[in-house]
Amino acid sequence: MEISDSGGMEKMKYTDPKTIVPPKNLDELIEELHKVFDSDHVNVEYVTELMASYKSNPKDWKKFAIFDLHRYTRNLVDAGNGKFNLMVLCWNTSQGSAIHDHANAHCFMKVLDGHSQEELFEWPPGSEDDGEMKSKGKKLYERDQVAYISDTIGLHRVENPSHSDTSVTLHLYSPPFSECQSFDERTGNARKVQVTFWSQFGKRTPCVSVCVEK
């Protein structure tokens, strides 16, 4: 499957954001995503706008929003058609991820509730004495806004910036992956980590590995 951010596929279905009919609920969004990712060519702008067009309603996603006091949680909503995973991430106050990559996958993140702060980082040079990682800037996302990142853009860290309110985000990864790299901000050193689900389809599952993202 090819995912493109170019505008050179106008003749293909699901490429023109102007043709999007906003989903009335999360189920309709998931149904539309299945149609989009059934193609061998997926347009980044179209998926971004499609996810943004869905107006968050807690009634749709509340059953997937399972929080933990000590770490943020990754809760699988839909396993896609073998080409993507869709999940709800729940962030308690001030919780955040490590700096990480996306295992050559594409990541779309939509804020369902609260706020989410993304900090982008450059890839470390790769030498043993890399030193502190270089930040490319921070951006705050509000409810219904959507962010996109891939490894060609860089690395990132996501966090709930609030000390009083929780945050809930909707993430789509294509293709799905179970392992990524986590980076030490001070040295740039990387380590491979397993990514697991705190729950699947609204039911709690054992989380025995390190949950770094997403």
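Residues numbered from 1 in each chain as written. Predicted model: local features only at pLDDT ≥ 70, side-chain atom pairs only at ≥ 80, totals over all residues. Heavy atoms only, no water.

1. Side note on the confidence of the model for the protein
Logical step 1: The share of residues in the protein with pLDDT of 70 or more is 89%, and the mean pLDDT across the chain is 90.
Logical step 2: In the predicted structure, residues 6-11 sits below a pLDDT of 50 and forms 7 contacts with residues beyond four places in sequence or in another chain. (pLDDT = per-residue confidence, 0-100. Contact = heavy atoms within 4.5 Å.)

2. Considerations on the side chain of Ser-56
Logical step 1: Among the structural elements, Ser-56 can be located in the loop between α2 (44-53) and α3 (58-61).
Logical step 2: Within the structure, Ser-56 has its side chain in polar contact with the backbone oxygen of Leu-112 (distance 2.7 Å).
Logical step 3: In contact with Ser-56, other than residues within four places in its own chain, are Trp-61, Leu-112, Arg-143 and Asp-144. (Helix = DSSP H or I, 4+ residues; strand = E, 2+ residues; numbered from the N terminus. Polar contact = N/O pair within 3.5 Å; in protein donor to acceptor, adjacent residues only side chain to side chain.)

3. A few points about the UniProt feature "binding site: Fe cation" (unreviewed entry) in the protein
Logical step 1: Following the UniProt record, the feature "binding site: Fe cation" (unreviewed entry) maps to His-100, His-102 and His-156 here. With the annotated positions falling across 57 residues, the maximum pairwise C-alpha distance of 9.2 Å places them together in a single cluster.
Logical step 2: Following the sequence through the fold, His-100 ends up in strand β5 (residues 99-100).
Logical step 3: With respect to the secondary-structure elements, His-156 resides in strand β10 (residues 155-159). (UniProt positions renumbered as here; feature names shortened; annotations may be inferred.)

4. What to know about the pattern of salt bridges
Logical step 1: Following the criterion strictly, the structure yields 6 salt bridges and no others.
Logical step 2: For the salt bridge of Glu-32 with Lys-35, the shortest nitrogen-to-oxygen distance reads 3.9 Å. A residue pair is termed a helical-turn pair when its members lie 3 or 4 positions apart in one helix, as Glu-32 and Lys-35 do in helix α1 (residues 26-37) at 3 residues.
Logical step 3: With a relative accessible area of 38%, Lys-35 lands in the partly exposed category.
Logical step 4: Put simply, Arg-157 and Glu-119 hold a salt bridge, and the shortest N to O gap is 2.8 Å. Placement of Arg-157 in strand β10 and of Glu-119 in strand β7 (residues 116-121) is noted, with a sequence separation of 38 residues between them. Pair check on accessibility: Arg-157 and Glu-119 agree, each one buried. (Salt bridge = Lys/Arg side-chain N within 4 Å of Asp/Glu carboxyl O. Buried < 20%, exposed > 50% of the residue type's maximum accessible area, 1.4 Å probe, protein only.)

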